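# Analysis of the macromolecular model
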There are 2 protein chains.
Amino acid sequence: MATVLSVDRGVPCPAWKQVLSKRLQKRTPRNDRPSATLKDVAQRAGVSTATVSRVLNAQGKVNRETGTRVAEAVAALGYVPHAAARALASRRSRTIGAVTAALDNPIFARGIQALEHRLELSGYGLLVASSNYEPERELKQVRTMVERGIDAIMLQGDSHLPEVYALLQRKGIAYINTWVYDAAATHPCCGFNNELTGHNLADYLLDLGHREIAMVAGVTAGNDRARNRIKGVAAALRARGLDLPPARVVERPYSLSDGRDGLRELFAGPGPRPTAVIGGNDLLAIGVMLEAQQSGLTVPGDLSVAGFDDIELAANIAPALTTIHVPVEEICTLAGDYLVARIEGRPARDHVALEARLVVRQSTARAGGRA
Amino acid sequence: MATVLSVDRGVPCPAWKQVLSKRLQKRTPRNDRPSATLKDVAQRAGVSTATVSRVLNAQGKVNRETGTRVAEAVAALGYVPHAAARALASRRSRTIGAVTAALDNPIFARGIQALEHRLELSGYGLLVASSNYEPERELKQVRTMVERGIDAIMLQGDSHLPEVYALLQRKGIAYINTWVYDAAATHPCCGFNNELTGHNLADYLLDLGHREIAMVAGVTAGNDRARNRIKGVAAALRARGLDLPPARVVERPYSLSDGRDGLRELFAGPGPRPTAVIGGNDLLAIGVMLEAQQSGLTVPGDLSVAGFDDIELAANIAPALTTIHVPVEEICTLAGDYLVARIEGRPARDHVALEARLVVRQSTARAGGRA
DNA sequence: TTGTAAGCGTTATCAA
DNA sequence: TTGATAACGCTTACAA
């Protein structure tokens with residue numbers, strides 16, 4: 001085993017420990033050498049543990065010279081604070097949770113990464129879990145995180161099981177819903193209005209003259225964002241006297257092959273073929289585009305395609321995808337700001353609106369025209 | 001503030017707490033109602049805390065009836081164990097760390113997700129951080145995680161700062177290097193042989209008659225996988241009497257636009273244009289492909305392109321990308337198995353080899369032929 | 001500015 | 001099968 005190590009202690013074993021042979025014997029099996037504790041540091045620096053703690057937590061109120069001595073002892077012993085002990089005593093774990101629907105969607109991964117960077121700055125760790133859009137699973141994960149003592153948590157969307165909100169509130173744990181914005185929401189949120197965004201995208205296609213518009217949407221069960229995007233698109237059509245019949249909306253999980261599959265199903269449906277298809281996110285939209293192209297259609301000549309998110313691929317694929325640019329990094333960084341502020345007792349705005357604007361590229365064109 | 005809550009306790013305040021007014025006053029500011037503790041549960045069930053602990057940890061050795069009474073008390077109080085206290089007493093946090101180079105590369109995100117699922121099964125939480133391929137940053141993150149009391153950690157690659165290994169070993173924390181396999185490695189690992197894989201991919205192109213082979217590789221600084229893939233490609237060329245001159249290897253971070261950019265630089269280089277380009281991963285390869293296509297070349301007619309990883313896009317884009325299929329989910333799940341086994345004192349193989357095989361698709365063709 | 005000591009909520013040893 | 005009770009390593013009044 002590569003982790004077997006020598007038991008060189010570097011410092012003499014404190015006398016008070018030498019008599020406690022029993023205690024030493026029951027030490028954790030794989031951890032031969034007990035790590036230095038605050039007490040060891042205090043002893044070596046010739047001060048009390050309280051003083052060491054003060055130095056370590058930069059509470060001021062310490063003599064510069066004392067501080068130096070403590071710092072030296074810390075370095076000499078290779079002292080590493082014990083987070084669990086610290087959490088127990090301070091009732092604060094310096095850990096924040098994030099439950100995301102999926103990690104393998106690059107847009108979410110970028111968000112988590114942004115959050116992690118934000119938290120790193122303030123010295124917080126990030127505990128993650130992915131719920132796969134299953135509310136029950138999300139609840140279980142939130143529960144586990146609460147048990148783990150997270151100080152705050154970032155959630156996606158706002159349709160969580162009531163138990164999630166109840167638990168968080170009962171425990172006094174700060175939380176924030178991301179990817180959604182609703183000025184009237186009862187819960188803190190940071191994001192944009194998905195319905196409005198869907199509306200805008202549909203309006204743009206309508207303005208291009210499209211009348212046969214269809215969607216390969218995300219699976220709406222347990223996913224308010226997917227639901228609201230559809231709602232917005234439907235509203236835009238309705239405002240122009242058009243309809244978005246069920247056969248024009250197929251739901252699929254979020255992946256390229258689901259997008260391809262979705263287009264096939266749309267094309268197999270009744271009535272005239274759609275001239276424009278909106279993907280519930282960029283992955284679906286690009287899947288739609290690839291399927292169309294590979295079955296001999298041109299985009300946007302024969303079919304206009306648009307998505308949501310603006311992942312890197314959207315701008316790079318040919319034709320470049322018209323989509324809604326979602327500022328994930330901002331959303332998650334601001335969510336981090338909010339949570340840290342709440343934990344540290346500072347005031348924070350609990351409804352933050354960001355803009356998700358339309359980015360017109362080459363995958364959409366006037367209806368009827370071939371490009 | 002949405003988190004203000006009622007202070008209904010559900011159970012009468014135990015007598016021993018009523019005198020401790022001071023203590024109650026200094027409770028955490030945002031957490032009005034102190035959560036039920038083991039002691040509360042014990043009191044309510046009319047047993048000792050030790051017994052409750054035994055029931056909760058399913059250690060057997062408890063009367064069925066006692067167990068039921070405890071379970072009832074737990075439910076009635078909505079008791080949630082306090083992880084920090086548990087960790088302090090048991091010297092085990094039930095949390096595992098993972099530091100990944102980047103989360104926004106879907107292949108890594110899939111790995112983290114697989115690891116998380118594996119750990120969820122065994123009741124472990126996952127703490128993540130992304131190092132952006134910076135060794136110093138990785139060290140800092142490992143340190144932070146160690147302070148947070150992780151029981152084990154998953155790393156990527158095997159070229160870590162010596163301090164990383166030293167710290168982990170000193171603390172007796174189990175770790176494993178993933179994405180790499182070397183039977184002779186001094187550290188536990190789970191993955192495949194990156195050099196061999198590069199060699200195989202180059203061999204395949206050579207067999208197709210390509211002689212002008214170039215690479216848009218990952219940035220090799222702090223990235224042993226990138227280095228070894230290049231090494232393998234160079235070795236394969238050398239074995240056929242060919243050379244891989246510096247001008248034929250450009251290094252780029254891992255993204256689509258870096259791939260595009262890399263191809264431009266290769267084409268600007270001296271000597272004959274390459275007829276085949278290997279991307280350091282699929283993102284780079286697809287970037288190369290998109291750039292080639294958008295500048296009027298056909299793939300694979302004018303240029304063969306191949307990558308590493310086999311992300312979902314590789315199979316779906318046109319032409320579908322020839323690549324090395326990397327079994328990330330398996331790698332990370334097995335890494336999880338290993339870490340959990342080590343933590344729980346069970347034996348585990350600490351060098352696990354997986355196969356990363358070539359998947360031939362449509363982006364590669366014989367040299368000289370137009371498809 | 002520093003020290004003393006009482007917790008924090010568990011686990012685990014030992015005795016009953 | 002259970003109960004007392006001593007850790008676990010740190011923070012934080014309060015006192016000096």
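Residues numbered from 1 in each chain as written. Chains lettered and ligands numbered in written order. Predicted model: local features only at pLDDT ≥ 70, side-chain atom pairs only at ≥ 80, totals over all residues. Heavy atoms only, no water.

### Points about the sheet that holds strand 7 (residues 249-251) of chain B
Residue and element names in this part refer to chain B.
- Ordered in space as 7-6-8-9-10-12, the six strands form an open sheet in which the pairing is mixed. Where the open sheet ends on each side, the last strands, each with one partner, are strand 7 and strand 12 (357-359). This sheet shows a mean twist of 20° between the axes of neighbouring strands, independent of strand direction.
- Bridging between strand 8 (residues 276-279) and strand 9 (residues 304-309) involves three bridges; their strand directions are parallel. Paired with Val 277 across the strands is Val 305, a residue of strand 9.
- Contacts between helix 11 (residues 224-239) and the sheet are confined to strand 6 (213-217), strand 7, strand 8 and strand 9, with strand 6 contributing the most and set at about 175° to the helix. (Pairing = 2+ DSSP bridges. Helix = DSSP H or I, 4+ residues; strand = E, 2+ residues; numbered from the N terminus. Axes fitted to C-alpha atoms, helices over the stretch in contact; angles between N-to-C directions. Contact = heavy atoms within 4.5 Å.)

### Here's the deal with the relation of the copies chain A and chain B
- Superposing chain A onto chain B takes a rotation of 180° combined with a translation of 0.1 Å along the rotation axis, leaving an RMSD of 0.1 Å. Taken together, the rotation and translation relating the two chain copies correspond to the operation of a two-fold axis.
- Same-surface contact between copies: 100% of interface residues of chain A are shared with the interface of chain B. (Least-squares fit on C-alpha atoms with pLDDT ≥ 70 in both.)

### Remarks on the sheet that holds strand 9 (residues 304-309) of chain A
Residue and element names in this part refer to chain A.
- Taken in spatial order, the six strands line up as 7-6-8-9-10-12 in an open sheet, and their pairing is mixed. This sheet does not close on itself; its edge strands, each paired only once, are strand 7 (249-252) and strand 12 (357-359). Recorded for the sheet is a direction-independent mean angle of 20° between the axes of neighbouring strands.
- With respect to the sheet, helix 12 (residues 256-268) is in contact with strand 6 (213-218), strand 7 and strand 8 (276-279), its orientation differing from that of strand 7 by roughly 155°.

### A few points about the packing of helix 7 (residues 106-121) of chain B against helix 15 (residues 328-343) of chain B
Residue and element names in this part refer to chain B.
- As a packed pair, helix 7 and helix 15 sit with axes 8 Å apart at the nearest point and diverge in direction by 35°. As helix 7 packs across helix 15, the resulting crossing turns out to be right-handed. Listed contacts from helix 15 to Ile 107, Arg 110, Gly 111, Ala 114, Leu 115, Arg 118 and Leu 119 of helix 7 are Val 328, Glu 329, Cys 332, Thr 333, Gly 336, Asp 337 and Val 340.
- Each residue belonging to the contact of helix 7 with helix 15 can be placed in one class, and the counts come to seven nonpolar, three polar and four charged. (Left-handed = near helix turned anticlockwise from the far one by under 90°. Nonpolar A, V, L, I, M, F, W, Y, C, P; charged D, E, K, R; others polar.)

### Examining the interface of chain A and chain B
- Between chain A and chain B, the contact holds 75 residues from the first and 75 residues from the second.
- Approximately 6,600 Å² of surface area, both sides summed, lies buried where chain A meets chain B, with 50% of it carried by carbon and sulfur atoms.
- The interface formed by chain A and chain B includes four salt bridges.
- In this assembly, chain A and chain B are joined by 28 residue pairs in polar contact (both at pLDDT 80 or more).
- Of all the elements, helix 7 (residues 106-121) of chain A adds the most residues to the side of chain A that touches chain B, at seven residues.
- Looking at side-chain class alone, the side of chain A that touches chain B contains 31 nonpolar, 23 polar and 21 charged residues. (Buried area = accessible area lost by both parts, 1.4 Å probe. Salt bridge = Lys/Arg side-chain N within 4 Å of Asp/Glu carboxyl O. Polar contact = N/O pair within 3.5 Å; in protein donor to acceptor, adjacent residues only side chain to side chain.)

### A short note on the packing of aromatic side chains
- Within the structure shown, the criterion is met by eight aromatic pairs over all chains.
- Centre to centre, the rings of B:Phe108 and B:Trp179 are 5.2 Å apart; their planes meet at 80°, and the pair counts as edge-to-face. Within this pair, whereas B:Phe108 is found in helix 7, its partner B:Trp179 is found in the loop between strand 4 (174-178) and strand 5 (189-191), the two being separated by 71 residues in sequence. Each member of the pair, B:Phe108 as well as B:Trp179, is classed as buried.
- If you follow A:Arg273 out to its NZ or CZ, it ends over the ring of A:Phe267, 4.0 Å from the centre. (Phe/Tyr/Trp six-rings, centres within 6.5 Å; stacked < 30°, edge-to-face > 60°. Buried < 20%, exposed > 50% of the residue type's maximum accessible area, 1.4 Å probe, protein only. Lys NZ or Arg CZ within 6 Å of the ring centre and 35° of its normal.)

### Comments concerning the pattern of salt bridges
- Summed over all chains, the structure comprises 34 salt bridges over all chains.
- Put simply, A:Arg252, A:Arg260, A:Asp261, A:Arg264, A:Glu265 and A:Glu291 are held in one network by salt bridges that share partners.

### Looking at the domain arrangement of chain A
- In terms of domains, chain A is made up of domain 1 (28-89), domain 2 (91-192 + 328-355) and domain 3 (194-326).
- Relative placement of domain 1 of chain A and domain 2 of chain A: their C-alpha centres are 32 Å apart. (Domains from an automatic or database assignment.)

### Re the pairing of strand 4 (residues 174-178) of chain A
All names here are of chain A.
- The element strand 4 is largely enclosed, with a buried count of five among its five residues.
- Here strand 4 shows no split at all, with Ala 174, Ile 176 and Thr 178 on one side and Tyr 175 and Asn 177 on the other all buried.
- The parallel pair strand 3 (residues 152-156) and strand 4 is bridged by helix 9 (residues 162-170), and the resulting crossover is right-handed.
- Note: strand 4 against strand 5 (residues 189-191), two bridges, orientation parallel. Within strand 5, the position partnered with Thr 178 by the bridge is Cys 190. (Right-handed = clockwise from strand over helix to strand, strands pointing away.)

### Brief notes about the state of the cysteines
Residues and elements named next belong to chain B.
- Counted according to the given criterion, the structure contains zero disulfides over all chains.
- Not engaged in a disulfide, the cysteine Cys 189 finds its nearest cysteine sulfur in Cys 190; these two sulfurs lie 7.7 Å apart.
- With a relative accessible area of 1%, Cys 189 lands in the buried category.
- Unpaired in terms of disulfides, Cys 332 finds its nearest cysteine sulfur in Cys 190, a separation of 7.7 Å. (Disulfide = S-S within 2.5 Å.)

### Quick notes on the packing of helix 3 (residues 38-45) of chain A against helix 4 (residues 49-56) of chain A
Residue and element names in this part refer to chain A.
- Close contact between helix 3 and helix 4 brings their axes to 8 Å; oriented N to C, the two are set at 105°. The pairing of helix 3 with helix 4 is recorded here as roughly perpendicular in orientation. Contacts from Leu 38, Lys 39, Val 41 and Ala 42 of helix 3 reach helix 4 at Thr 49, Val 52, Ser 53 and Leu 56.
- Grouping the amino acids of the contact of helix 3 with helix 4 by side-chain chemistry returns five nonpolar, two polar and one charged. (Parallel < 35°, antiparallel > 145°, perpendicular 65-115°, else oblique.)

### Quick look at helix 5 (residues 64-77) of chain B
Residues and elements named next belong to chain B.
- Taking 1.5 Å of rise per residue, 14 residues should cover 20 Å, and helix 5 covers 20 Å from first to last C-alpha, within 8% of that figure.
- Along helix 5, the residues that are buried comprise Thr 66, Gly 67, Val 70, Ala 73, Val 74 and Leu 77. Each buried residue of helix 5 lies within a common arc of 125° when the element is viewed along its axis, so the set occupies one face. With respect to the buried face of helix 5, the exposed residues turned more than 90 degrees away are Arg 64, Glu 65, Glu 72 and Ala 75.
- Buried residues belonging to helix 5 abut helix 3 (38-45) and helix 4 (49-56).
- Structurally, the start of helix 5 carries an N-cap: the backbone nitrogen of Glu 65 is 2.8 Å from a side-chain oxygen of Asn 63.
- Backbone geometry just downstream of helix 5 places Gly 78 in the positive-phi region, at approximately 60°. (Expected span 1.5 Å × (residues − 1). Arc of directions from axis to C-beta.)

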